[in-house]
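Coordinate analysis (summary)
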Amino acid sequence: MKYILKIKYIGTAYCGFQCQRNGVAVQNVLTEAAEKVFKCPAAVTGCSRTDSGVHALGFCATVEPKENVSIPAGRLHRAFAAFLPDDIAVIGAAEVAEDFHPRYDSKGKNYIYRIWDGLYEDPFEKKRSMRLTPTLTDREILRMKKAAGYFVGKHDFSSFMAQGSKIVDAVRTVHKAEVYREEGGCVVFSVSADGFLYNMVRIMVGTLVDVARGKTEPDDIPEIIASCNRKLAGSTAPPEGLYLNEVFYDESIDWKCE
């Protein structure tokens, strides 16, 4: 039996999702929990790596017990809850075909990036959002919205890829990019695409902040994209504001949580 899990996690304590030598990853913790749930070795495969300190609201990962163990998908969130720490939770599960792959079968993802620009320090936003002062004005947010619109479409996003990345093909299609303020809360950048380059969203955010503050004009974005020059884009925003929000697949997944 092969399952797909939908997972929420706070990434502050982890070196990303994928197992690494330099620290504890979400995959390590999830694998240990899966082996206790199924009482046998279990392979856990994620839809993405995610960087150290990055969070997830709808991360997807498959889990495949090595023995013929079957548990109703709707009960897996309860089973995992007994063995997961407070900063990781399974919020839904479904059965999938044996050849399903959470990464290679994905048709795209949605990320959100949260910016806390309030007048006071909010303890609930520490390590959960980027801290920015002074407060963004309505005019500055309008500038960010206009700039974000230029990201939409099929482009070579080399200007928004971390230097030193080994990716050869930097062409990606952004389906939606918008900026808005939560009621009484953070300024949010939401972007959906068929794929993302290393640090792509965080560099987009750094560039949008430059636009807000007047260092870059909204109409400069097409030129920055066309240049394929990382030096023309903004700085890389910190990881704590980034959330993998949703993963898209061709077929609708029958998520269960009973």
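Scoring rules and cut-offs
- Residues numbered from 1 in each chain as written.
- Predicted model: local features only at pLDDT ≥ 70, side-chain atom pairs only at ≥ 80, totals over all residues.
- Heavy atoms only, no water.
- Helix = DSSP H or I, 4+ residues; strand = E, 2+ residues; numbered from the N terminus.
- Buried < 20%, exposed > 50% of the residue type's maximum accessible area, 1.4 Å probe, protein only.
- Contact = heavy atoms within 4.5 Å.
- Core = buried A, V, L, I, M, F, W, Y, C linked by side-chain atoms within 4.5 Å.
- Phe/Tyr/Trp six-rings, centres within 6.5 Å; stacked < 30°, edge-to-face > 60°.
- Pairing = 2+ DSSP bridges.
- Salt bridge = Lys/Arg side-chain N within 4 Å of Asp/Glu carboxyl O.
- Expected span 1.5 Å × (residues − 1).
- Arc of directions from axis to C-beta.

What follows is about the environment of valine 174. Among the secondary structure elements, valine 174 is positioned in strand 8 (residues 171-181). Residue valine 174 is classed as buried on the basis of its relative accessible area of 2%. The spacing of valine 174 and aspartate 105 is 69 residues in sequence and 18 Å in space, taken between C-alpha atoms. Not counting residues up to four positions away in its chain, the partners in contact with valine 174 are Phe151, Val152, Gly153, Phe157, Val191, Ser192, Ala193, Met200 and Met204.

Counting residues in hydrophobic clusters, the biggest one holds 79 residues, and the most contacted among them are Phe38, Phe80, Phe151, Phe160 and Phe189. In terms of residue count, helix 4 (residues 200-212) provides more of this core than any other element does, 9 residues in total. Setting aside residues up to four positions removed in sequence, phenylalanine 160 forms contacts with Phe151, Tyr198, Asn199, Met200, Ile203, Met204, Thr207, Ile224, Ile225 and Ala233. One finds Ile112, Trp116, Cys186 and Val188 within the second-largest nonpolar core, a separate group that totals 5 residues.

With the rule as written, the count across this model stands at 10 aromatic pairs. Measuring from centroid to centroid gives 6.5 Å for phenylalanine 38 and phenylalanine 80, while their planes differ by 75°, and the two rings are edge-to-face. In this pair, phenylalanine 38 is assigned in helix 1 (residues 26-38) and phenylalanine 80 in helix 2 (residues 76-81), connecting sequence segments 42 residues apart. You'll find phenylalanine 38 and phenylalanine 80 in the same group, each marked buried. Grouped by ring-pair contacts, the aromatic residues Phe151, Phe157, Phe160 and Phe189 constitute a single cluster.

Counting buried positions along strand 5 (residues 106-116) gives 10 out of 11 residues, so the element sits mostly inside the fold. Bridging between strand 5 and strand 10 (residues 242-249) involves 7 bridges; their strand directions are antiparallel. Bridge assignment links isoleucine 112 to a residue of strand 10, and that residue is tyrosine 243. Relative to strand 6 (residues 130-131), strand 5 is paired through 2 bridges, and the arrangement is parallel. Within the sheet, the bridge partner assigned to isoleucine 115 lies in strand 6 and is methionine 130.

What follows covers the pattern of salt bridges. When the charged atoms of two side chains with opposite charge come close together, those side chains can pair. Taken as a whole and judged by the stated rule, the model has 12 salt bridges. Between arginine 181 and aspartate 117 there is a salt bridge whose closest N-O contact spans 2.9 Å. You can see arginine 181 sitting in strand 8 and its partner aspartate 117 sitting in the loop between strand 5 and strand 6, a full 64 residues away along the chain. Assessed through its relative accessible area of 1%, aspartate 117 is described here as buried. Ionic pairing is found between arginine 213 and glutamate 140, a salt bridge with its closest N-O pair at 3.0 Å.

Next up on the list: helix 3 (residues 138-149). Over its 12 residues, helix 3 runs 17 Å from end to end, which matches the ideal 16 Å to within 8%, given 1.5 Å per residue. Turning to helix 3, its buried residues number three or more, namely Glu140, Ile141, Arg143, Met144, Ala147 and Ala148. Angular distribution of buried residues about the axis of helix 3 spans 155°; they occupy a single face of the element. Those residues of helix 3 that are exposed and angled more than 90 degrees off the buried face are Asp138, Arg139 and Leu142. The inward-facing, buried residues of helix 3 contact strand 5, strand 8, strand 9 (187-193), helix 4 and helix 5 (221-227).

Moving on, we get to the pairing of strand 9. Along any regular strand the residues' side chains alternate between the sheet's two faces. Where burial is concerned, most of strand 9 is hidden: 7 out of the 7 residues are buried. With burial as the criterion, each face of strand 9 is covered, one bearing Val187, Phe189, Val191 and Ala193 and the other bearing Val188, Ser190 and Ser192. Note: strand 5 against strand 9, 7 bridges, orientation antiparallel. When the bridges of strand 9 are listed, isoleucine 115 appears paired with valine 187. Looking at chain direction, strand 8 and strand 9 are connected through 7 bridges and run antiparallel. Along strand 9, the bridge assignment pairs valine 179 with phenylalanine 189.

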